[in-house]
Structure formats: structure tokens, C-alpha cells
Amino acid sequence: SRSGMPSRHVTARVAPLGSRLVLALVEDRTRERRVEAVRRDFVANVSHELKTPVGAIRLLAEAVGDAADDPEAVKRFAGRMLTESDRLSRLVQQVIELSRLQGDDPLEAPMPVSLDDVIAVAVDTSAIDADSKRIQVVTGGVHGLEVYGSQEQVTAAVANLVANAVSYSGNDSTVLVTAKADERTVEISVVDQGIGIPETEMDRIFERFYRVDPARHRSTGGTGLGLSIVKHVAATHGGDVRVWSVEGQGSTFTLTLPRHLSSTFNQEALL
Ligand code: ADP
């Protein structure tokens with residue numbers, strides 16, 4: 001009968017299962033702690049980054065008050081207040097976007113998304129900045145493609161790549177946005193002829209708040225969050241983002257996303 005089975009068989013079967021369970025629990029706790037540390041870091045960084053523009057706006061407001069009889073100075077300070085508050089609102093907007101992407105269900109109700117629409121909106125978002133530097137943003141590649149996911153997120157990701165291409169390019173250059181596909185994925189490439197990225201920095205640019213030599217391009221008003229948003233969007237969709245660049249010659253960012261429902265959502269890659 002069954003109850004007559006030698007007991008060492010039972011032990012032999014239960015022991016590895018039990019230790020695997022313990023291991024899984026320990027791994028779970030480790031992961032939990034890691035997530036918690038990342039979150040604490042993020043909050044600390046956000047607070048730090050918010051203080052800079054807020055402090056600047058405060059000082060400028062004081063300066064405006066003191067310069068009441070110098071209209072030229074008032075105008076100058078007001079202009080800088082505008083720049084700083086734009087930066088502040090971009091920062092707040094991107095922090096909200098990022099924390100939504102880090103939420104429990106970052107990819108709510110995914111559906112087929114027209115890549116042509118995504119690219120059109122993304123290009124449009126940078127039109128004013130591109131025009132002011134006489135940068136031509138050219139689109140090409142395959143039309144009529146769809147990706148499977150969140151329209152809002154995919155648009156935000158491509159818009160960030162196009163905005164960066166424009167920000168880090170000189171006047172009178174060209175930015176190229178193309179799409180192509182294989183059976184399972186689409187690839188959106190954003191190619192610029194801008195300042196490029198030093199090889200030693202290429203891994204780090206996807207980190208939150210990381211900027212290559214912030215002093216050199218403070219004028220772009222960047223936040224250092226754009227590429228981490230792109231990376232999160234790629235990961236929640238089960239895709240990825242890669243970069244090629246030659247310093248002084250330009251960069252290519254390629255975002256790969258699934259064309260169909262994907263089972264490879266990749267939250268782990270974010271930590
Ligand atoms: P930022 O708001 O500073 O643009 P991102 O996260 O979008 O933040 O980018 C991080 C850093 O990567 C930028 O500060 C810049 O140094 C570098 N970078 C991003 N895109 C490009 C590009 N197309 N060309 C050159 N450098 C880039």
C-alpha cells in the first residue's frame with residue numbers, strides 16, 4: 001500500500017523542494033530590498049534635482065525685486081526665471097512619467113499602435129527646437145507598421161530620442177527617424193550628426209539623472225531622465241534600446257519593440 005512506502009523516499013523528495021522554496025523566498029526578500037533601495041535613491045535624487053531650479057528661481061525673484069529701476073536687468077532675470085521654470089516643469093513631468101512606469105501595472109491595456117502616428121507626434125514635439133537650429137528632421141523607412149503596447153509610452157520614448165537628437169546636434173544638421181521590421185519586432189532608429197557620446201559614457205547615459213559633462217550642455221536644460229524613460233518603456237514592452245556613437249560625429253539610438261503581444265515583459269532588467 002502507499003502508506004507502506006519507505007519514509008526515506010519521502011524525505012528525499014521533500015528536501016530539495018523545501019530548500020528550493022527557501023531559496024526562492026530569500027531571493028524574493030533580496031529583490032524586495034533592492035527595489036526599496038532603488039526607490040529611496042530615486043526620491044533622494046529627485047529632491048536634490050528639484051532644489052536646484054527652485055533655488056535659482058528664488059534668487060532670480062530676489063534679484064528682480066532689487067533691480068526694479070533697471071528695466072534691462074529685470075528683463076534678463078525674468079528670461080532666466082522662465083528658463084528655470086521650464087526646466088522645473090519638464091523635470092516634474094518626467095518624474096511623474098517614470099514613477100508611472102515603475103508602478104505595479106506599467107503596461108495597462110496594451111493594443112496595436114500605429115508607428116506612423118507615433119513618429120509624427122514625436123517629430124512634431126521637437127519641431128520648434130529643430131526649426132530654431134535649422135535642423136531638418138527627416139522620416140523614412142517602412143510605413144504602416146504597428147507595435148503592440150501603450151501608445152502614450154511608445155510616443156514618449158520616441159519623442160525623447162528625437163528631442164535628444166535635436167538637443168545634442170549643431171545648427172543646420174539632419175536628424176533621421178526610420179522604422180523597419182522583421183517578423184516579430186519593429187526597430188525605430190534615430191540618427192543624428194551631433195556631438196556624439198564618449199565610449200566610456202555609453203553604459204551610464206541610461207541611468208536616472210546621468211548626464212555626460214553637465215556643465216558643457218547646461219544650456220540644453222536637460223534633466224537626465226529622458227533615456228531612463230526610454231529604457232523603462234522598452235523594458236515594459238519586452239523590447240530594448242541600444243546606442244552607437246562616434247564622438248564628434250553623431251549617434252544612433254535604436255529602440256526595438258514587439259509587433260505582437262509579448263510575454264517577455266522585463267521588469268527585472270530595470271534594477
Ligand atoms: P538629458 O535630459 O540630459 O538629455 P537623457 O537621459 O535624455 O537626459 O540623456 C542623458 C545624457 O546622454 C545626456 O545628458 C547627454 O549627455 C547624452 N545624450 C543623450 N542623447 C544624446 C545624443 N543624441 N547625442 C549626444 N549625447 C546624447
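Since this is a predicted model, take the numbers as computed values, not measurements. (Residues numbered from 1 in each chain as written. Predicted model: local features only at pLDDT ≥ 70, side-chain atom pairs only at ≥ 80, totals over all residues. Heavy atoms only, no water.)

## Let's talk about the overall build of the protein chain
For clarity, the threshold we go by: Only runs of H or I of at least four residues qualify as helices and only runs of E of at least two qualify as strands under DSSP, and these elements are numbered from the N terminus. Throughout, exposure labels follow a simple rule: accessible area from a 1.4 Å probe, protein chains only, divided by the maximum for the residue type, with under 20% read as buried, over 50% as exposed, and the rest as partly exposed. Contact definition: two residues touch when any of their heavy atoms are within 4.5 Å.
What the protein chain contains, in helices and strands, is six helices and seven strands. For the protein chain, the residues scored as buried account for 37% of the 271 residues in total. Long-range contacts, defined as pairs at least 24 residues apart, comprise 75% of the intrachain contacts of the protein chain with a sequence gap of at least 6.

## What to know about the side chain of Arg211
Spelled out, the test is: For the charge count, each Lys or Arg is scored as positive and each Asp or Glu as negative, with His and the chain ends excluded. Here a salt bridge means any side-chain nitrogen of Lys or Arg lying within 4 Å of a carboxyl oxygen belonging to Asp or Glu. A 3.5 Å cut-off defines polar contacts: any pair of N or O atoms within that distance qualifies, except that in protein one atom must be a possible hydrogen donor and the other a possible acceptor, and neighbouring residues in sequence count only when both atoms are side-chain atoms.
Tracing the backbone shows Arg211 in the loop between strand S5 (185–191) and helix H6 (226–236). Nearest to the buried, unbridged Arg211 among oppositely charged side chains is Glu49, at 7.4 Å. Among the polar contacts made by the side chain of Arg211, one reaches the side chain of Tyr168 at a distance of 3.3 Å.

## Topic: the pairing of S5
Here is the rule we go by: When DSSP locates at least two bridges between a pair of strands, those strands are taken to pair.
For strand S4 (residues 174–181) and S5, the ladder comprises six bridges, and the chain directions are antiparallel. Bridging from a neighbouring strand, Ala179 pairs with Ile188 of S5. Adjacent in sequence and paired antiparallel, S4 and S5 are bridged by three residues. Two elements, S5 and strand S7 (residues 250–258), share seven bridges in a ladder whose sense is antiparallel.

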